[in-house]
Amino acid sequence: MIEIRDLTKIYKLSNKKKAELKTKDSEKVAVSGVSLEAHPGEIYGLLGPNGAGKTTTLRCVATLLKPTKGEISVCGFDTVKEGKQVRDKICFLTNEIKLDPHFSASYMFDFFGGLHGIDAETLSKRKEFFFERFGITDFKDKKIEDLSTGMKQKAAIAVSLVHDPEVIIFDEPTNGLDIITARVVTDFLRELRDKGKTIIVSTHIMSEAQKLCDRIGMIIDGKMVAEGTLSSLLAQENAEDLEDAFFKVYKRVMGEEKIS
Amino acid sequence: MKGAKRIIKKELARVFKDKKLIFTMYIMPAILMFVIYGLIGNLMSSMNNDITEHTDIVTVVNAPESFKQTVSATGYDAMASVSYTDKKSYEANKAAYEDDILNGRADLLVVFDEDFESVFNAYANKGDKIPGISVSYNNTENYSQKAHNVFNSLVANAYRQTLQTVRFGDLERLEVFNVTENQIVKESKKGTEFLSMLLPYMIVLMLFSSAMSITVDAIAGEKERGTLSSMLLAPISRTEIVVGKLVALSILSTLSALVYCVSMLLAMPLMQNGMGAGEVNLSFISVDTVLMLLGTIVLMNLLFVSLLSAVSICAKDTKTASTLVAPMYIVVVLAGVMTMFSGGTSMPLWKYAIPVYGNALVVQQICSGEAQLSSFLATVAGLVVMIAVFVGLTSKAFNSEKIMFNA
């Protein structure tokens, strides 16, 4: 269970950053007043263009960033005050966070299992299960740097699930993967949902969100602009598919001229 | 601190499970040390042997009979190829003689005044003319330099004494008095100059350079590769991560520095044989001095690792980190060099508490058999304070989202 209440995240901009962003403002509002709830047994999708604030929101949930305003609770624990407990309940996968390439998938699984305080027997059972499930048993003792991109991603997923987390946070889960690996990942997310896990993913791929997510929140320019199930969003916007619905919302929020 | 322990284990496994890394970090430097020192020693001794074995080519012009007798009496004519010539043929070929010395074809040219013996015999009162010998050699040529030294100490001295005996009969009249010199030296300090000058500098340098290569990669490199953030998601505190990392890095780089120092000490005799330096006195080695030395080395290493971590974590990649660390390397080298030339003088206690410089002074004291508990404790206190500061700064940086996530 994830509850985000009125999350606002403001970054202070250094002079270098100001020059990069071509702005004179000394602050950038990345997320502004976002509230949402994600429940066990559902996949919640955060949909939005690049720079809308999806990653920032997820990083705040994962305790990597502290909210400027608002509160986030994960399984009843506050992300700021009870960071350790929150980290024990979640797994967070993103492209920028990687496994140490000098070690094998098997070693990393044991290492993170140890950090989560999991006993040896449970650990070896889980390892066997996940490595079989993702087809990495044959490569488990190879150094991660010697694995293919798809294999690396599958190893990262297996390792992130070592502590059987209640909440799965996935930032752009299929980004950079071939369609076969991408399918393995999305299938597995559905499997986890059916086991009653709370899942939140971010994506800018409309077709993926349409097929995968039970509920969708659209984030544009740091604000939550629409939220609901796929069917309710389509009905609300009188649209044929999610992409259509998204553009209608986008036009309404940003104005006609921004799109063209 | 269970998490810190696991991190230490993992960081050590990274090196010790990798044969290639073990070789490049610990075995190759030791081999290199032996090869380099052995090579230097060998080259130097073969150069020295070559110079000693060379037969000097000496030309003596206008030599008086008494001089020729001295040459045979001292056995100089057996060691050097001495040829005698007269003033006339010398004057005719003066330029050629000088050219030979200039170009290393001859080593020494000794020219006696034409009327050497008669002037010597005619001397009666103060102010009378005294005879002269002109000696020409080339001090940029090893052979010529050596020929000059040997001629002076062996032949010229003996000849002077011969003539002095002729003039005064009794040489002791000239001697006037005897000087007896007694050296009062502590046994423990004998032969420590070489080690106490070199070792502190080498230890400081080795510690910093091994800490530098390991830490920059383990902190800035991991940050750049995105593997550090995976650790931030584990249910442990950031301080545990910092402690785990720093302890592991210190173990790795202390080991590497020890490999350097021990192989240097072991390989040193190879070089000294060549240089003809005296015995190195290792009598300072005892249980308490080795403990003090190890304590200083371990703490100094922790200082370097924590300092380098604090800097590396603020850099966005290894390249930036290396750039930031380079000036520190220069400062550390300078501090090491300063101790090379401040040995033997007594210092106020606070100077030993100065990081790096004071630590190197303590190492120097220990190596010269002058270990003192008070200066050791001052150095430990200074180190502990600085380590605490840099560990604090590193932890602070680990907690900063701006530094860790560029947010």
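All values derive from a computational prediction rather than experimental measurement.

Quick notes on the rules
- Residues numbered from 1 in each chain as written.
- Chains lettered and ligands numbered in written order.
- Predicted model: local features only at pLDDT ≥ 70, side-chain atom pairs only at ≥ 80, totals over all residues.
- Heavy atoms only, no water.
- 1 Å grid on protein atoms, 1.4 Å probe; cavity = no way out; pocket = protein on both sides within 12 Å on 5 of 7 lines; lining within 4 Å.
- Points joined across faces, edges and corners; volume = space filled by probe spheres on them.
- Helix = DSSP H or I, 4+ residues; strand = E, 2+ residues; numbered from the N terminus.
- Pairing = 2+ DSSP bridges.
- Axes fitted to C-alpha atoms, helices over the stretch in contact; angles between N-to-C directions.
- Buried < 20%, exposed > 50% of the residue type's maximum accessible area, 1.4 Å probe, protein only.
- Expected span 1.5 Å × (residues − 1).
- Patch = residues over 30% accessible without salt bridge, like charges linked within 9 Å, V, L, I, M, F, W, Y side chains within 5 Å.
- Areas by Shrake-Rupley, 256 points an atom, 1.4 Å probe, with all protein chains shown as cover.
- Salt bridge = Lys/Arg side-chain N within 4 Å of Asp/Glu carboxyl O.
- Lys, Arg positive; Asp, Glu negative; His and termini not counted.
- Charge placed at Lys NZ, Arg CZ, Asp CG, Glu CD.
- Contact = heavy atoms within 4.5 Å.
- Buried area = accessible area lost by both parts, 1.4 Å probe.
- Polar contact = N/O pair within 3.5 Å; in protein donor to acceptor, adjacent residues only side chain to side chain.
- Core = buried A, V, L, I, M, F, W, Y, C linked by side-chain atoms within 4.5 Å.

> Teacher, can you tell me more about empty space enclosed by the protein here?
Unoccupied space between atoms shows up once a probe the size of one water molecule is rolled over them. The final tally for this structure, using the stated rule, is two cavities of 30 Å³ or more. The calculated volume of the largest cavity comes to roughly 240 Å³. In terms of lining, the largest cavity is formed by 18 residues, of which the most central are F92, F112 and S160 of chain A together with S230 and L233 of chain B. Contributing elements (two or more residues each) for the lining of the largest cavity: β6 (90-93) and α6 (149-160) of chain A.

> Explanation requested: the sheet that holds strand β1 (residues 57-61) of chain B in the structure shown.
All names here are of chain B. Taking strand neighbours across the sheet as the criterion, the four strands line up as β2-β1-β3-β4 in an open arrangement whose pairing is mixed. Both outer strands of the open sheet, β2 (81-85) and β4 (133-137), are each paired with one neighbouring strand and no more. Pairwise comparison of adjacent strand axes, ignoring direction, gives a mean angle of 15 degrees for this sheet. Alignment of strand β3 (residues 108-112) against β4, held across five bridges, turns out to be antiparallel. By the bridge assignment for β4, L109 is matched with S136.

> What is the right way to look at the pairing of strand β7 (residues 167-171) of chain A in this model?
Consecutive residues of a regular strand have side chains that alternate between opposite faces of the sheet. Residues and elements named next belong to chain A. Most of β7 is tucked away, with five of its five residues classed as buried. Alternating residues of β7 divide into V167, I169 and D171 and I168 and F170, and every residue in both groups is buried. In the sheet, β6 pairs with β7 via four bridges, with the strands oriented parallel. The residue of β7 that forms the bridge with C91 is I168. Relative to strand β8 (residues 198-203), β7 runs parallel, the two sharing five bridges. Looking across to β8, one finds that I168 is bridged to I199.

> Is there a simple way to think about helix α1 (residues 2-16) of chain B in this case?
What sets the pattern is the α-helix's 3.6 residues per turn: residues three or four places apart point alike. In this model α1 of chain B runs 21 Å from its N-terminal to its C-terminal C-alpha over 15 residues, within 8% of the 21 Å that 1.5 Å per residue would give. Looking at α1 of chain B, one finds that the buried residues are G3, A4, I7, I8, K10, E11, L12, A13, R14 and V15 of chain B.

> What is the right way to read a nonpolar patch on the surface from this model?
Together, F23, I27, M28, I31, L32, V35, I36, I40 and M44 of chain B make up a nonpolar patch on the protein surface, roughly 720 Å² of accessible area in all. By secondary structure assignment, the location of L32 of chain B is in helix α2 (residues 19-53).

> What am I meant to see in a positive patch on the surface here?
All names here are of chain B. Residues K2, K5, R6, K9 and K17 make up a contiguous surface patch of positive charge. Within the element layout of this structure, K9 appears in helix α1. Residue classification places K9 among the exposed residues on the basis of a relative accessible area of 60%.

> In this structure, what is going on with the sheet that holds strand β3 (residues 42-47) of chain A? I would like to understand it.
Hydrogen bonds between backbone groups are what pair the strands of a sheet, and the pairing can be parallel or antiparallel. Residue and element names in this part refer to chain A. Taken in spatial order, the six strands line up as β6-β7-β8-β3-β9-β10 in an open sheet, and their pairing is mixed. The open sheet has two edge strands with one neighbour each: β6 and β10 (223-229). Neighbour-to-neighbour, the strand axes of the sheet open up by a mean angle of 15 degrees, direction not taken into account.

> I'm lost on the interface of chain A and chain B in this one. Help?
Interface size is commonly expressed as the accessible area that is lost once the parts come together. Each side of the interface is counted separately: chain A has 31 residues, and chain B has 29 residues. Interface area for chain A against chain B, summed over the two sides, is near 2,700 Å², with a carbon-plus-sulfur share of 61%. The largest per-residue losses of area from chain A upon contact with chain B belong to L64, R87 and L115 of chain A, which jointly make up 22% of the total buried on that side. Taken together, the links from chain A to chain B amount to four salt bridges. Of the charged contacts in the structure, one is a salt bridge between R14 of chain B and D100 of chain A, with a shortest N-O distance of 3.1 Å. Here chain A and chain B share 12 residue pairs in polar contact (both at pLDDT 80 or more) between them.

> Got a minute to help me understand the nonpolar core in this structure?
Taken as a class, soluble globular proteins show a tendency for nonpolar side chains to be buried jointly. In terms of nonpolar packing, the biggest core is built from 166 residues, with I169, L189 and M218 of chain A together with F304 of chain B touching the most fellow members. The contacts of L189 of chain A, once residues within four sequence positions are left out, are I43, I168, F170, P173, I199, V201 and L212 of chain A. A63, V71, A80 and F116 of chain B belong to the second-largest nonpolar core, a separate cluster that totals 18 residues.

The quantities given are spatial measurements derived from coordinates; they are silent on function.
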